[in-house]
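Close look at the chain arrangement
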Amino acid sequence: MTEGLLYTFRRCPYAMRARIALAAAEFEPEVREIVLARKPESFLALSPKGTVPVMRTREGRVLEESLDIVYMALETRDPRGWMATARQYGSVADELIANNDGTFKRHLDRYKYTTRYDDADRDSEYREACACLQPLEDRVASHGHLLSDAESVADVTIWPFVRQFANVEPDKFAARFPGLERWRQQWQVDPLVTAIMKKVPEWQPDAEPVGFGATYGLTRH
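Source: prediction; values computed, not measured.

**Observations concerning the packing of aromatic side chains**
Under the counting rule described, the total for this entry stands at eleven aromatic pairs. With centroids separated by 6.2 Å and ring planes inclined at 90°, the aromatic side chains of tyrosine 7 and tryptophan 203 adopt a geometry described as edge-to-face. With tyrosine 7 in strand β1 (residues 5-8) and tryptophan 203 in the loop between α10 (191-196) and α11 (212-216), the pair connects residues that are 196 residues apart, well separated along the chain. For the pair shown, tyrosine 7 and tryptophan 203 are each scored as buried. Centre to centre, the rings of tyrosine 14 and phenylalanine 161 are 4.9 Å apart; their planes meet at 75°, and the pair counts as edge-to-face. A residue pair is termed long-range when its members are at least 10 positions apart, and tyrosine 14 in helix α1 (residues 13-24) and phenylalanine 161 in helix α7 (residues 153-166) qualify at 147 residues. What makes tyrosine 14 partly exposed here is its relative accessible area of 25%. What links up through ring pairs into an aromatic cluster is the set Phe104, Tyr111, Tyr126, Phe165, Phe173 and Phe177. Sitting over the face of the ring of tyrosine 117, arginine 110 holds its NZ or CZ atom 4.2 Å from the ring centroid. For the cation-ring pair, lysine 172 lies above tyrosine 126, with the distance from its terminal atom to the ring centre recorded as 3.9 Å.

**Considering the pairing of β1**
Because side chains alternate across β1, one face comprises the buried residues Leu5 and Tyr7, and the other comprises Leu6 and Thr8, equally buried. Crossover β1 to strand β2 (residues 30-33) through α1 is right-handed.

**Observations regarding the environment of arginine 139**
The residue arginine 139 is located in helix α6 (residues 122-143) in this model. We classify arginine 139 as partly exposed; its relative accessible area is 24%. Distance in space between the C-alpha atoms of arginine 139 and tryptophan 82 is 17 Å, their sequence separation being 57 residues. Leave out the neighbours within four places in its chain, and arginine 139 touches Val92, Leu96, Gly144, His145, Leu146 and Leu147.

About the thresholds
- Residues numbered from 1 in each chain as written.
- Predicted model: local features only at pLDDT ≥ 70, side-chain atom pairs only at ≥ 80, totals over all residues.
- Heavy atoms only, no water.
- Phe/Tyr/Trp six-rings, centres within 6.5 Å; stacked < 30°, edge-to-face > 60°.
- Helix = DSSP H or I, 4+ residues; strand = E, 2+ residues; numbered from the N terminus.
- Buried < 20%, exposed > 50% of the residue type's maximum accessible area, 1.4 Å probe, protein only.
- Lys NZ or Arg CZ within 6 Å of the ring centre and 35° of its normal.
- Right-handed = clockwise from strand over helix to strand, strands pointing away.
- Contact = heavy atoms within 4.5 Å.

By themselves, these are just geometric observations and shouldn't be taken as functional.
Quick look at the structure:
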């Protein structure tokens, strides 16, 4: 029996972190990879706001925010101790994630997609984004990961956005943030990450249901 239904889009950083958490927790929802330019009616019926990821749990609850999916998965099963590590540091993980999803994401979007915003100046947005990243650089330089020498939920939820920023000007990023570049590369080759970044076909309404593990080639214990 599948553990619900997941609508996702491969390159969306919000969807990435949800898939990483679901992979770590060995959840088995049916997966529907969609293209945002062609949003299926069934997707919009489930979540009219039309953004990914969206998950309907086995119990019928609809989760429309990526962090809700992350925490639901890892609070159910946390074999790599990501939530346990975060709890050791009180509210630090929550603060890092909030800064990532708020101020940093705003400047990231305006840096990467400058032409979409009338008020965006690329150099200015780059400087502001770097100011947001500097505390993370200091943390990984000291600890290896964002909280400590152990992985945590902060790492897996923030990594997709740092990846997106780095991909705009990779050499410039690596020179400016050597610690974050090492950290980014470590996650880039993590087996869970390489699995959930696999290219899969766009879902079609007449397609047979496919589970999470089968979709991404994950071996289940």
